[in-house]
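Spelled out, the chains give:
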Amino acid sequence: MPVYPGQLRYIRKNLYHAVYVIDPASLCGLEAVEMITSLYENSFPMRFGVILYSAKFIKKIEMGGGEIELSAVENDKQNGDDISSLIIRLFIYVKENHGVQTAFQFLSNVNRLRIESEDSVEDALEIHHVEGAFVDTLLPKAKTPPQDILLKLEKDQVYKEQFQESSMFVFKMGLSKLKCCLLMNGIVRDSNEESLINAMNDELSRIQEQVYFGQINSRTDVLDKFLSESGCPRYNPQIVGSKGKPKFTSLSRSIVGKESVLDDISYLHSPNTLDDVKPVTHLVVVDVASKKGMKLLREGLQYLVGGSKIARLGILYNMNSSVDLHSLLFAKIIEIATSSYSHKQKVLNFLNHLCSLYENEYMVPSSLTLESTPVFMEKVYELADANGLPSKSFKAALLDFSVSRMKDHLSKVAQFIYWQLGLEYGVNAVITNGRVMLFGDESTILSHDLYLLESVEFKLRVKHVVEIVEEAKWQDIDPDMLTSKFISDVIMFVSSSMAMRERSSESARFEVLSARQSAVLLGTEDSIIHIDAVLDPLSPISQKLSSVLRVLGKYVQPSMRIVLNPMNSLVDIPLKNYYRYVVPTMDDFSSIDDTVNGPKAFFANMPLSKTLTMNLDVPEPWLVEPVIAIHDLDNILLENLGDSRTLQAVFELEALVLTGHCSEKDHDPPRGLQLILGTKTTPHLVDTLVMANLGYWQMKVSPGVWYLQLAPGRSSELYLLEEDGDEIKDQRPLSKRITINDLRGKVVHLGVVKKKGKEHENLLVTSDNDSHLEETKKGTRTSWNSNLLKWASGFIGGSDHLKKSQGTSAEHGKGGRHGKTINIFSIASGHLYERFLKIMILSVLKNCDRPVKFWFIKNYLSPQFKDVIPKMAEEYGFEYELVTYKWPTWLHKQKEKQRIIWAYKILFLDVIFPLSLEKVIFVDADQIVRADMGELYDMDIKGRPLAYTPFCDNNKEMDGYRFWRQGFWKEHLRGRPYHISALYVVDLVKFRETAAGDNLRVFYETLSKDPNSLANLDQDLPNYAQHQVPIFSLPQEWLWCESWCGNSTKTKAKTIDLCNNPMTKEPKLQGARRIVPEWVDLDFEARRFTAKILGEEIDEPQEPVTSLGESQNLITDNSSKEDKSEL
């Protein structure tokens, strides 16, 4: 029957069983009763029950060390002040004589009187509340006065046995530590109403699933089914709860290639099971000089006495070698008994009595004398005889007892426990097939916990290993060695090793897929690993998965079932690329010498006439770049590569990316916080700032030890790093040590806190309004920032550490360069745009006398360009630096390479440059500069973080293409100009102060998920965001473009951009020769210099073309020459 969302389903069957385990005298217990009563009266579709216990009674049991039998016979007077005991006994009476509903009404009345009472202290429950509730409940129903019944029940301690059994049951189940809890169909949950509803919803989905698969029908007892499938005999949050992640250790590594302490262990077994294979092994690590250790040892013995057919128990002594003689003798006697007499029927009884004797009389060294040792030995011999063990054998074995040898043995065991198992001296623990269970001062372990460990570990891990071991064929092994102990050892070692592997909790039901017509079966059924894969054969993800499956099939040799699951219909072919998966193999290493060839990807039978692009899909922390590539990897046309038609490229892992998240407790991430990273001797090698999104930050590193700290300046004046344990030291700056010791990168979580007295100060304060930042501008920015620029700013580019021309100050051409350095930023991809980039560099240098430093995005430069640019910098007297930034995983990523390049122009301006850089000008690679860029660099942009040139509007032929004058853009801009992104100025100080980078990334994340948004990403984004990230409009003459500007303004142009013409679609090279007269000479100079460096020949420069038709013929005739000289 359909129901509305959130409406409860009323089904005539007990599906939900809510059993509350409560102390009726506790506040949470009374509130739980009130909730149960209310839900029952409102016909809530659930079966309710309670298990009542006394916390005071259980505390007495715990004080007795868990000795239930002794605690059960408490005298009547000791229970007189136990309100819980009284409530439970009265509840049982009411239930037996007046029914369950009346009994719950009694509990509800107890809570009502507690709430209504005016003289109770802090709502505490008192005896008179209970007595009054009992009288009020029975008064309308009892034939005799309820007061008389109450006096009789209190005096005679009626129902005392039932009360004790109920409390002992809770103690044995391990539920008393939770105070109040709910068992929903056997699953332990919190006792509040929200937890009840959540548990009901969880059970609903589980029941629906099993009904769907036919595992539950109208005749199924749901509770019995669930408990029989996954029920546990006891609840211990350390074993089956959510209290932390289980700790495992591999026992197999302790036996590889050497003798091990585990070889010397003799195991104890339950009676009559010595010769059985024991898949579960409990290693009890005990300090017999402590009460806690003795308690654990005795519970282990009691566990075996209770009987276990699938488990054995070994003892490891974890005590100091300086213990007294009686402790050494005690350990030695147990060792003799376990090694020689574990097959005896009463050996466990003997050990139990031995533990009692030692613990009661000989455990405290201060009360012992030398004369007590022979007495102790005589008592041991008597115990041996009484339990059917030969005392003469004990005497003979102890004649050779050596204190020094025993101490050496204990020292060896303690070292094994410390180094192999990771446990400190004196720690008591249980290791079950590699699972480590520690027991501190507050936790009590019972034999029931060992049963629980046995049950849980066998069901979840060990039984699967047993199935494999049982089918194993033991070749080249002496049959006499195949004892039950040998096989039990194998199971213990294998299961402990496998437990070290991280395993996902997610699973899928592949058995429902018959897939007779659409499945590919590979491998044999004997494989120990089976893989099921469901793939859409035409999806990009299947390209990757199929390659991974191929590698697994070759090296792991599993059995595989690949089920093909294609889309029903396709509008377009979803695959746009060819994909190869590369993984290192032994074939990469030469068997003759030390040569390493490296893993390779090979593409055969590729289309000759299609233009292709080569990209790498690498792990997120990797920064990979091409180091050898003769041809243009962005524009691969195989038919132009000669007879071989073969292209090769070699890539290199250049660096790793260190990422992290910075947080401030109870506050948003401290966006704009500046961080520096370095070594102990050089603390500032890399720097960055914290983004608003997730407090993300990123730095480029190599393997080694690094130290992260707050940058000098406002960040360190306002904040301190938070140390482990939330302890903060105000006196000195702190650094966080970070070790990069593998190729998987690292994610660092960094906590910061504001200094005392600075809690209300803002980190980002505009320099216009903050005098402190004015001082920072004058002082800090000219001191540590400018000094560090000389040696640290380049490290963010990795190995390209401050790649500076040796001849920067040397004279070149008409003289040396003087004044403040102009920083120019550009990005290019492919040989054609690298050719334009060299021309742009020359045009800047020929029109300016000041020092110039160029900043290039390293990600997309070819190896040839990176070979040429150092020589060019040296020849022409400029500095350069290669920078990079890995695209954050949380930011929506573009798929097309061109759009990724556009994004790099605008999205990471605040973090891609060193923090010491104050201003930078972006110039498109295909731009020709005709004026002194120092004029633009020094221009006052009125406190705006960005300065762009608006689009020209005097070429009337292009009016139909000016989309910003109509529709959405006209409405959004509200009179503001739409700017072109080929040239812009970034005031990085203001950009960081105003968090402009964070704002732009927020706009980008919102808009980029719509494929129809941000058609011109680098241009649309800043224009869209200019209401929040203001733009200063540059004078029109700073950017002239033929497509949008009329020829009348060309003579005033300070830069000319070769922007695309949407009407003519004219090629770039053709347009350059026609539009810019000096372009041919600049191009020839750049090509001649490149050819000299690379040892190539070039043609003489061509005359500038004057008409569009002539230029088309000219390009067609010389296309092959142009292709050869693209560099």
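All values reported here derive from a predicted model rather than from experimental measurement.

**Q** Lay out the confidence of the model for the chain with the relevant residues and their values.
**A** The pLDDT averaged across the chain works out to 82; a share of 86% of its residues lies at or above 70. Within the model, pLDDT remains below 50 along residues 768-815, and this stretch shows 94 contacts once partners closer than five positions in the same chain are excluded.

**Q** Account for the packing of aromatic side chains, with residues named and values stated.
**A** Summed over the entire model, instances satisfying the criterion amount to 43 aromatic pairs. Seen in terms of ring centroids, Tyr 860 and Tyr 904 are 6.1 Å apart; in terms of plane orientation they differ by 70 degrees. Their pairing is edge-to-face. A residue pair is termed long-range when its members are at least 10 positions apart, and Tyr 860 in the loop between β23 (852-857) and α24 (863-876) and Tyr 904 in helix α25 (residues 897-904) qualify at 44 residues. Side by side, Tyr 860 and Tyr 904 carry an identical accessibility label, which is buried. Ring geometry for Phe 963 against Tyr 978: centres 5.2 Å apart, planes inclined by 75 degrees, an arrangement best described as edge-to-face. Within this pair, whereas Phe 963 is found in the loop between β27 (946-950) and α27 (967-973), its partner Tyr 978 is found in the loop between α27 and β28 (979-987), the two being separated by 15 residues in sequence. Judged by its relative accessible area of 2%, Tyr 978 falls in the buried class. Taken together, the ring pairs in this structure connect Phe 951, Phe 963, Trp 964, Phe 968, Trp 969, Tyr 978, Phe 1003, Tyr 1024 and Trp 1044 into an aromatic cluster. The lysine or arginine in question, Arg 312, covers the ring of Tyr 267, its NZ or CZ lying 3.7 Å from the ring centre.

**Q** Please give an account of the pattern of salt bridges that cites residues and values.
**A** Counted under the stated rule, the structure contains 41 salt bridges. One salt bridge connects Glu 881 with Lys 853, and the closest N-O pair in it is separated by 2.7 Å. Taken as a pair, Glu 881 in strand β24 (residues 879-883) and Lys 853 in strand β23 lie far apart in primary sequence, 28 residues in all. Like Lys 853, Glu 881 is buried. The partner of Lys 1068 in a salt bridge is Asp 926, and the shortest N-O contact between them spans 2.5 Å. A residue pair is termed long-range when its members are at least 10 positions apart, and Lys 1068 in helix α31 (residues 1068-1075) and Asp 926 in the loop between β25 (919-923) and β26 (927-929) qualify at 142 residues. Assigned by exposure class, Lys 1068 and Asp 926 land together as buried.

**Q** Now, about the state of the cysteines: what can you tell me, with residues and values included?
**A** For the structure on display, the rule yields three disulfides. Residue pairing for Cys 952: its cysteine sulfur links by disulfide to Cys 1045, the two sulfurs lying 1.8 Å apart. Its S-S torsion of about 65 degrees marks the bond between Cys 952 and Cys 1045 as right-handed, since a negative value means left-handed. Note that Cys 952 is positioned in the loop between β27 and α27 and Cys 1045 in the loop between β29 (1031-1033) and β30 (1055-1057), a separation of 93 residues in sequence. Exposure class is identical for Cys 952 and Cys 1045. Each is buried. Here Cys 1041 connects covalently by a disulfide to Cys 1059, the sulfurs 1.5 Å from one another.

**Q** Account for the side chain of Asp 1083, naming residues and giving values.
**A** The topology assignment puts Asp 1083 in helix α32 (residues 1079-1094). On the basis of relative accessible area, Asp 1083 is assigned to the buried category, the value being 3%. Apart from the residues within four sequence positions on either side, Asp 1083 is in contact with Arg 835 and Ile 839.

**Q** Lay out the environment of Leu 612 with the relevant residues and their values.
**A** The topology assignment puts Leu 612 in the loop between β12 (559-564) and β13 (622-629). Residues Leu 612 and Asp 632, 20 residues apart in the sequence, show an inter-C-alpha distance of 9.9 Å. Not counting residues within four places of it along the chain, the set of residues in contact with Leu 612 comprises Met 606, Pro 607, Leu 633, Asp 634, Asn 635 and Ile 636.

**Q** Quick rundown of the sheet that holds strand β1 (residues 17-22)? Include the residues and the values.
**A** Spatial strand order, β2-β1-β3-β4: four strands in an open sheet with mixed pairing. The outermost strands of the open sheet, each flanked by one partner alone, are β2 (47-52) and β4 (187-189). Averaged over neighbouring strand pairs, the angle between their axes works out to 25 degrees when direction is ignored. When β1 meets β2, the two strands line up parallel, connected through six bridges. The residue of β2 that forms the bridge with Val 19 is Gly 49. Against the sheet, helix α1 (residues 27-41) makes contact with β1 and β2, and its axis sits at roughly 155 degrees relative to β1, the strand it touches most.

**Q** I'd like a description of the nonpolar core, backed by residues and values.
**A** Most often, soluble globular proteins keep nonpolar side chains buried together rather than apart. One finds Phe 854, Phe 856, Phe 878, Met 933 and Trp 1079 to be the most contacted residues of the largest nonpolar core, which totals 69 residues. The element contributing the most residues to this core is helix α23 (residues 831-845), with eight residues. Here Phe 854 is in contact with Ile 824, Met 840, Ile 841, Val 844, Leu 845, Phe 878, Glu 879, Tyr 880 and Glu 881, once residues within four sequence places are set aside. Phe 44, Phe 48, Tyr 93 and Ala 103 belong to the second-largest nonpolar core, a separate cluster that totals 65 residues.

**Q** Kindly report on the sheet that holds strand β6 (residues 280-286), identifying the contributing residues and their values.
**A** Backbone hydrogen bonds hold the strands of a sheet together, and the pairing may be parallel or antiparallel. In space, the five strands of this open sheet follow the order β5-β9-β8-β6-β7, with mixed pairing throughout. Among the strands making up the open sheet, the edge pair consists of β5 (247-248) and β7 (311-317). Both β6 and β7 contribute to a ladder of seven bridges, which runs parallel. For Val 284, the partnering residue across the bridge sits in β7 and is Ile 315. The strands touched by helix α18 (residues 484-499) are β5, β6 and β7; relative to β7, the strand with the most contacts, the crossing angle is about 75 degrees.

**Q** Tell me what's going on with the environment of Val 920, and back it up with residues and numbers.
**A** Note that Val 920 resides in strand β25. Judged by relative accessible area, Val 920 falls into the buried class, the value being 0%. Along the sequence, Val 920 and Tyr 937 sit 17 residues apart, while their C-alpha atoms lie 7.7 Å from each other. Ignoring sequence-local partners within four residues, the contact set of Val 920 consists of Asn 823, Ile 824, Phe 825, Trp 855, Phe 913, Tyr 937, Tyr 984, Val 985, Val 986 and Leu 988.

**Q** Could you give me a rundown of the packing of helix α4 (residues 83-98) against helix α6 (residues 127-138), with the residues and numbers involved?
**A** One way to put it is that α4 packs onto α6 with a least axis distance of 10 Å and a crossing angle of 5 degrees. In terms of their interaxial angle, α4 and α6 are classed as roughly parallel. Every residue of α6 that contacts α4 at Ile 83, Leu 86, Ile 87, Leu 90, Tyr 93, Val 94 and His 98 is listed here: Ile 127, Val 130, Phe 134 and Leu 138. Taken together, the residues of the contact of α4 with α6 sort by class into ten nonpolar, one polar and no charged.

**Q** Can you lay out unusual backbone geometry for me, pointing to particular residues and giving the numbers?
**A** Within the chain, Asn 272 stands out as a residue other than glycine whose phi angle is a positive 65 degrees. In this structure, Asn 272 sits in the loop between β5 and β6. A residue is classified by how much of its surface remains accessible, and Asn 272, at 69% relative accessible area, is exposed. With phi around 55 degrees, Leu 1014 is a residue other than glycine that occupies positive phi space. Considering the arrangement of structural elements, one finds Leu 1014 in the loop between α29 (996-1008) and α30 (1017-1024).

**Q** Residue-level account of a negative patch on the surface, with values.
**A** Side chains of Glu 467, Glu 470, Glu 471, Glu 525 and Asp 526 sit close together on the surface and give a patch of like negative charge. Mapped onto the elements, Glu 525 comes out in the loop between β10 (519-522) and β11 (530-535).

**Q** Summarise α29; cite the residues concerned and give the values.
**A** Here α29 is 13 residues long and its end C-alpha atoms lie 18 Å apart, about the 18 Å a rise of 1.5 Å per residue gives. For α29, the buried fraction is high: ten of the 13 residues fall into the buried class. Taken together, the buried positions of α29 are Ala 996, Gly 997, Asp 998, Leu 1000, Arg 1001, Phe 1003, Tyr 1004, Glu 1005, Leu 1007 and Ser 1008. Taken together, the buried residues of α29 touch α28 (988-993) and α30.

**Q** Just give me the short version of the side chain of Lys 1050, but keep the residues and values in it.
**A** Following the sequence through the fold, Lys 1050 ends up in the loop between β29 and β30. Of the side chains with opposite charge, Glu 1042 lies nearest to the buried Lys 1050, which makes no salt bridge, at 5.9 Å. Among the polar contacts made by the side chain of Lys 1050, one reaches the main-chain carbonyl oxygen of Ile 1075 at a distance of 2.5 Å. Apart from residues lying up to four places away in sequence, Lys 1050 is in contact with Arg 930, Trp 1040, Ile 1056 and Ile 1075.

**Q** Hey, could you go over helix α5 (residues 100-116) for me, with residue numbers and the actual values?
**A** For an α-helix, the turn length of 3.6 residues means that residues three or four places apart are oriented alike. Compared with an ideal rise of 1.5 Å per residue, which puts 17 residues at 24 Å, α5 spans 24 Å between its outermost C-alpha atoms and is within 8% of the ideal. Burial in α5 covers these residues: Thr 102, Ala 103, Phe 104, Phe 106, Leu 107, Ser 108, Asn 109, Val 110, Asn 111, Leu 113 and Arg 114. The inward-facing, buried residues of α5 abut α1, β2, α4 and α6.

**Q** I'd like to hear about a nonpolar patch on the surface, residue by residue, with values.
**A** Taken together, Ile 528, Ile 529, Tyr 555 and Val 556 make up a surface patch of nonpolar side chains, about 410 Å² in accessible area. Here Val 556 is to be found in the loop between α19 (540-555) and β12.

**Q** I'd like a description of the pairing of β12, backed by residues and values.
**A** In terms of burial, β12 is largely enclosed, as five of its six residues are buried. Here β10 runs beside β12; their pairing, made up of four bridges, is antiparallel. In the strand pairing of β12, Ala 519 is matched with Val 563.

Quick notes on the rules
- Residues numbered from 1 in each chain as written.
- Predicted model: local features only at pLDDT ≥ 70, side-chain atom pairs only at ≥ 80, totals over all residues.
- Heavy atoms only, no water.
- pLDDT = per-residue confidence, 0-100.
- Contact = heavy atoms within 4.5 Å.
- Phe/Tyr/Trp six-rings, centres within 6.5 Å; stacked < 30°, edge-to-face > 60°.
- Helix = DSSP H or I, 4+ residues; strand = E, 2+ residues; numbered from the N terminus.
- Buried < 20%, exposed > 50% of the residue type's maximum accessible area, 1.4 Å probe, protein only.
- Lys NZ or Arg CZ within 6 Å of the ring centre and 35° of its normal.
- Salt bridge = Lys/Arg side-chain N within 4 Å of Asp/Glu carboxyl O.
- Disulfide = S-S within 2.5 Å.
- Pairing = 2+ DSSP bridges.
- Axes fitted to C-alpha atoms, helices over the stretch in contact; angles between N-to-C directions.
- Core = buried A, V, L, I, M, F, W, Y, C linked by side-chain atoms within 4.5 Å.
- Parallel < 35°, antiparallel > 145°, perpendicular 65-115°, else oblique.
- Nonpolar A, V, L, I, M, F, W, Y, C, P; charged D, E, K, R; others polar.
- Patch = residues over 30% accessible without salt bridge, like charges linked within 9 Å, V, L, I, M, F, W, Y side chains within 5 Å.
- Areas by Shrake-Rupley, 256 points an atom, 1.4 Å probe, with all protein chains shown as cover.
- Lys, Arg positive; Asp, Glu negative; His and termini not counted.
- Charge placed at Lys NZ, Arg CZ, Asp CG, Glu CD.
- Expected span 1.5 Å × (residues − 1).
- Polar contact = N/O pair within 3.5 Å; in protein donor to acceptor, adjacent residues only side chain to side chain.

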